[in-house]
Structures are given as structure tokens and as C-alpha cells.
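Structural description and commentary
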Amino acid sequence: MVKDPDDIIVRTVARFMIPIIQLFSLYVYVHGHISPGGGFQGGCILAASFILISLAFNIGEAKKILSGRKNLLFIGLGVFIYAFTGLVPLFVQGNFLDYQHLSQFLPLDPVMARYYGVALVELGVQITVMAVMISLFQDLVTAGRHESILKDRENGIDR
Amino acid sequence: MELIVSKFNYWAYIVMILVGLYGMMVKRNLMKKVIGMNIFQWSIILFFISIGAKKGATVPIIIKGTEHAVKAADYINPLPHVLMLTAIVVGVATTGIALALIILAYRRYRTIEEDRIIEALKKR
Amino acid sequence: MSRILGIMMVTFFGALLILSTVDFSPWSDPAQPAAVHVSPRYIERTIEETGIPNVVTSVLADYRGYDTLFETSVIFTAGVVVILLLRREKKW
């Protein structure tokens, strides 16, 4: 990392802003039912917080919080949550992605089952979008060579 | 004149789509081609969003207290918004893959100019 | 040469598109075909059927769940493809 005095301002502001950004992404996801928002937007904002860590500190700092393997797991987990929520109604003779049959597993009436089914599905979308955005950013910025670039930085080679 | 004033949204998207198409067809730099592709995508997105508009209507969120007598004319058309919400994210995905392919091309040929890549391909 | 050809093709394509706008309805017309067929049903019955006030969310994840499911898998595929194309390291 380049050592110059501007770093202090950027890092302090980033450290202050990152929790607020992550909280705001949760707000956008949870409030998506009654205001503009939802999985895609929340996922992008959550990914933006990790991208801000990568920009203000370095990619190694972001990977201490969310390692590459965990990120890959999240990419699949989101799609799995979505597809599994769709599969559950099949067990009680419903249609694929027909959330009102979730009321037989949860203590809800069919309308509220659809309400919370949508929330579950949006959670899956949010996780996938977040993980894919982070991995896209990290791979495209470093051309897929995170580790060797970090090692060069430690040895003082600036690429 | 009526054709232009009442249909200005279509004219705007046509100008954008032509800029994107020109960029994709004529520019020889792969990065500029990707930018052209993005402008093309966004012109389609703006076209769909402009279709959703209705005069005298508000955003498609049902106002609290009027749930029992919802009139469709009071809310703009939500369907283009939904389709374009997915299209935006798919656009990001295609842009990401395009950039990855450009990085691979640069690794192999050390250039992203189309002419030089074709020259290098002919030499092999 | 290719620039002139490109400008010619773009002009031709633009003329076709402008020709097609004659059939489109004016901007923000409440009676345009896109606004009268399927979306009124979504707007009028979203509260009674799903309880979600935001029509965009209910259409996105409930009425058109297939669309969003495969759209999510498109993002998944894009992420995996970029990883497969670019990563060159043993340790992640």
C-alpha cells in the first residue's frame, strides 16, 4: 500500500462509513416489501461496502473478512436458497415457487406465507448478488492474481 | 411535430441505441466496443421504463388505507420496472464476462486493438 | 471505409426505428397497450393475494418467480465463469 498522508482521511472515513453502508443494505432488503428496494439493490449496496474496504485498505483486508472460498460458497448458497424455497411446495402437492403452500410448514395463513416466501427468495438473491459483485470486482481489478499482487505489495514492488 | 413532441422518449432511445450500435460496429478498440454495448443496453432499459409511465399516476406502491379500492389507473405500470430490474443485473454480468475476456485477450496478445489481434492471429 | 459503411448502416437502422415509432402510442398515455393488459391485475390484487404493497417486489419474486430464479442463476453463472477464466492461483 502506498504510504501517503491522504490515506488517513480515506481510511478513517471508510472505517466510519462501512457499518452504516452495511446497515443501510439490510434496511433496503427488509424494507423492500413496502418501499423501493429488495434483493438486487441490497446485494449491490452490501457488495459496495466490501469494495470500499478493498479500495481504502487493500484486497487482503477485505479477504480477512470474507475469504475467497467463503465468497464462492455464498455465490452458490443464494441460488440454493431460492431454488429450495421453490421446491418446498412440491412436497405438499403445490406448484414450483407457489409460496402459499409454505403455510403448511409455518404458522401462517396463505397470504402471509406468500409475503414471507418473497422475503426468503429475496434473501437468496441478495446473497448471490453480493458475492458475485465482490468476486467480479476482485478478479477484474487484479486480473485474477490476488495473492501474488498482495505479496508484491509486501515486498515493496508497486504494480 | 406531433410525432416528435408526444413521442420524445422514443426519439431519445433511438439516438442512444444508434450511438451504441455505432460504437459496437465501427470502433476497433475492444474496450470501446464494451462501452458501446453498455450504451445499447441502457437505451433498451430507458425505452422499457418510459413505456411504464402513465399520466396522473404515481409509483407502483399501494398507498396505505386504500387497499380495498385499488384503481390500476392510479399507479404506473410495474411490469417494465420488474423486467428492467433483472435486465440491469444481467447487464452487469455480461459486462463482467466481457471485461474478463478482454483481460484474457490482453494477456495473450498484449493489446486490445482489434487490428493488431487480427494481425497476430494471421501470423500464427 | 468501414466508418462510412458503419454510418450508412446506423442511418438505415435509425430510419427503420423512427418508422416504427409511428405505431407507438404517445408518452405516458394511460390507454397504451402496455398499460391495459396484464399489469392492472397485478396492481389490483397484490394486497389481497400476497399482502405486499410494493407491486414491483410482488411481481418480481412471486408472480414472475421463474424469471427471477433463472436470472439469479445467470448471475451465478457469470460469477463462476469469471472465476474460471481469470483465477490462476492455487491459494484463494
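Just above sits the structure.
Predicted model, so just to flag it, every value in this text is computed and none were measured. Position numbers for residues count from 1 along each chain, tracking the sequence in the order it is written. Labels are handed out in written order, letters beginning with A for the chains and numbers beginning with 1 for the ligands. For this predicted model, a pLDDT threshold of at least 70 governs which residues receive local features, and a threshold of 80 or more governs which side-chain atom pairs are given and counted, while totals over whole chains, interfaces and linings are taken from all residues. No hydrogens and no water enter the side-chain calculation; it runs on all heavy atoms of the structure.

1. Some thoughts on the overall build of chain C
Looking only at helices and strands, chain C features five helices and zero strands. Secondary structure elements are taken from DSSP: a helix is a run of H or I of four residues or more, a strand is a run of E of two residues or more, and numbering for both begins at the N terminus. Secondary structure elements in chain C, listed N-terminal to C-terminal, are α-α-α-α-α. Put simply, the radius of gyration uses C-alpha atoms, and a globule should come to 2.2 Å times the residue count raised to 0.38. Relative to the compact-globule value of 12 Å for 92 residues, chain C shows a C-alpha radius of gyration of 22 Å, a clear excess of over 25%. For the C-alpha atoms alone, the extent of chain C along its principal axes is close to 55 × 50 × 15 Å. Each residue's exposure class comes from its accessible area (1.4 Å probe, protein chains only) as a fraction of the maximum for that residue type: buried when under 20%, exposed when over 50%, partly exposed otherwise. Every one of the 92 residues in chain C was classed for burial, and the buried ones make up 46%. Only the protein chains shown count as cover for residues, with accessible areas throughout obtained via the Shrake-Rupley method and a probe of 1.4 Å. Entry remark: accessible area of chain C is about 4,900 Å², with carbon and sulfur atoms responsible for 71%. When the 8 basic and 9 acidic side-chain charges of chain C are each reduced to a single mean position, those positions are 20 Å apart. Charged-residue counts in this description rest on Lys and Arg as positive and Asp and Glu as negative, His and the chain ends being excluded. Where a charge sits is defined by one atom per residue type, namely NZ (Lys), CZ (Arg), CG (Asp) or CD (Glu).

2. A few points about the packing of helix 5 (residues 110-142) of chain A against helix 4 (residues 55-63) of chain C
Helix axes are fitted to C-alpha atoms over the stretch in contact, other axes to C-alpha atoms as well, and angles between N-to-C directions run from 0 to 180 degrees. Between helix 5 of chain A and helix 4 of chain C, whose axes approach to 9 Å, the crossing angle comes to 80°. The pairing of helix 5 of chain A with helix 4 of chain C is recorded here as roughly perpendicular in orientation. When helix 5 of chain A is examined against helix 4 of chain C, the residues R114, V118, V121 and E122 of chain A are found in contact with a partner set consisting of T57, L60, A61, D62 and Y63 of chain C. Basically, the charged four are Asp, Glu, Lys and Arg, the nonpolar ten are Ala, Val, Leu, Ile, Met, Phe, Trp, Tyr, Cys and Pro, and anything else, Gly included, counts as polar. Here the contact of helix 5 of chain A with helix 4 of chain C is composed, by residue class, of five nonpolar, one polar and three charged. The labels follow the angle: roughly parallel below 35 degrees, roughly antiparallel above 145, roughly perpendicular from 65 to 115, and oblique for the rest. Here, residues are in contact when the closest pair of their heavy atoms is within 4.5 Å.

3. Side note on the interface of chain B and chain A
Between chain B and chain A, the residue contacts involve ten residues of the former and ten residues of the latter. Buried area is understood as the total, over both parts, of accessible area removed when two parts are fitted together, assessed with a 1.4 Å probe. Both sides of the chain B and chain A interface together cover about 850 Å² of buried area, and 81% of this is carbon and sulfur. Criterion for a salt bridge: a side-chain nitrogen of Lys or Arg within 4 Å of a carboxyl oxygen of Asp or Glu. At the junction of chain B and chain A, the tally comes to zero salt bridges. Nitrogen and oxygen atoms within 3.5 Å of one another constitute a polar contact, given that in protein one can donate a hydrogen and the other can accept it, and given that sequence-neighbouring residues count only through two side-chain atoms. For the pair chain B and chain A, the number of links is one residue pair in polar contact (both at pLDDT 80 or more). Here the side of chain B that touches chain A is built from residues that sort into seven nonpolar, two polar and one charged.

4. Let's talk about the pattern of salt bridges
Going through the model one piece at a time under the given rule, you end up with nine salt bridges over all chains. For R87 of chain C, the salt bridge is made with D139 of chain A, and the minimal N-O distance between the two is 2.7 Å. Residue R87 of chain C is located in the segment after helix 5 (65-86), and its partner D139 of chain A is located in helix 5; the two belong to separate chains. Classification of R87 of chain C as buried rests on a relative accessible area of 13%. We note a salt bridge from R28 of chain B to D115 of chain B, for which the minimum N-O separation is 2.9 Å. Residue R28 of chain B is located in the loop between helix 2 (8-26) and helix 3 (30-51), and its partner D115 of chain B is located in helix 5 (residues 114-123); the two are separated by 87 residues in the primary sequence. Classification of D115 of chain B by relative accessible area gives partly exposed; the value is 37%. One salt-bridge network, in which partners are shared between bridges, spans R28, K33, E114 and D115 of chain B.

5. Description of the interface of chain B and chain C
Counting residues at the interface gives 48 residues for chain B and 47 residues for chain C. With both chains or domains summed, chain B and chain C bury close to 4,300 Å², and 77% of this area falls on carbon and sulfur atoms. The largest share of the area that chain B buries against chain C comes from Y10, L79 and V82 of chain B, three residues that together contribute 11% of it. Counting across the chain B and chain C interface gives 14 residue pairs in polar contact (both at pLDDT 80 or more). Among the elements of the structure, helix 2, helix 3 and helix 4 (78-109) of chain B are those that each provide at least two residues to the side of chain B that touches chain C. Taken together, the residues of the side of chain B that touches chain C sort by class into 35 nonpolar, seven polar and six charged.

Geometry only, nothing functional implied.
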